[in-house]
Amino acid sequence: MKTLRLDIAYEYDFDLYGLVSTVKEHKLAWALNKLLGFRLIKQKDLCYDLVGQDHIIISNYEYLTDYSIVRLLKNKAVGTAPAKDPFLLPEIKEYDYVLQINGPLRQLYPKEFIQRLLRIPLVQYVKQFDPLTLKLKDNLIF
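Reading the values: rules and limits
- Residues numbered from 1 in each chain as written.
- Predicted model: local features only at pLDDT ≥ 70, side-chain atom pairs only at ≥ 80, totals over all residues.
- Heavy atoms only, no water.
- Salt bridge = Lys/Arg side-chain N within 4 Å of Asp/Glu carboxyl O.
- Helix = DSSP H or I, 4+ residues; strand = E, 2+ residues; numbered from the N terminus.
- Buried < 20%, exposed > 50% of the residue type's maximum accessible area, 1.4 Å probe, protein only.

*Asks:* Is there a simple way to think about the pattern of salt bridges in this case?
*Replies:* Side chains bearing opposite charge may pair, as long as their charged atoms lie close to each other. Taken as a whole and judged by the stated rule, the model has three salt bridges. In this structure, Glu-25 engages Lys-74 in a salt bridge whose closest nitrogen and oxygen atoms are separated by 3.9 Å. Taken together, the positions of Glu-25 in helix 1 (residues 25–36) and Lys-74 in strand 6 (residues 69–74) put the pair 49 residues apart, joining distant regions of the chain. By relative accessible area, Glu-25 is classed as buried at 16%. Given a relative accessible area of 22%, Lys-74 falls into the partly exposed group. For the salt bridge of Glu-62 with Arg-71, the shortest nitrogen-to-oxygen distance reads 3.0 Å. The exposure classification of Glu-62 matches that of Arg-71, with both residues buried.

Written out as structure tokens, the structure is:
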């Protein structure tokens, strides 16, 4: 029997920022809403079934407009995860949160946007990442 393989090329046309912050996700979402004018709202947690492992559950906040989507994702699994590597993006596990921006809200001047994020007292460090350099970038496709 002949086997066919479906190759899908995803577009990773979004800005991706790693945030270091020790606060709970709802408090960080509130601070981002206040400073940046977002309306990040808690959504259903994301559940990833990993190959060779069990699953991880990731906290998910989302702000939708007609043309843009902003997501605040906790990088580490919520609660006690049975997975041996309980991170959404293990390559950047030193970052507590991932901020993903799709659409026109993407930043034309990322350095200024990073400076705005650093004005939040709850955020210790921010770095922009190129999604194409991450091994598990497919975890960011919804």
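Let's pick the thread back up.
*Asks:* Sorry, what's going on with the environment of Ile-57 here?
*Replies:* With respect to the element layout, Ile-57 can be found in strand 4 (residues 55–58). Look at Ile-57 and you get partly exposed, because its relative accessible area is 32%. In this structure the C-alpha to C-alpha distance between Ile-57 and Asn-75, which are 18 residues apart in sequence, comes to 10.0 Å.

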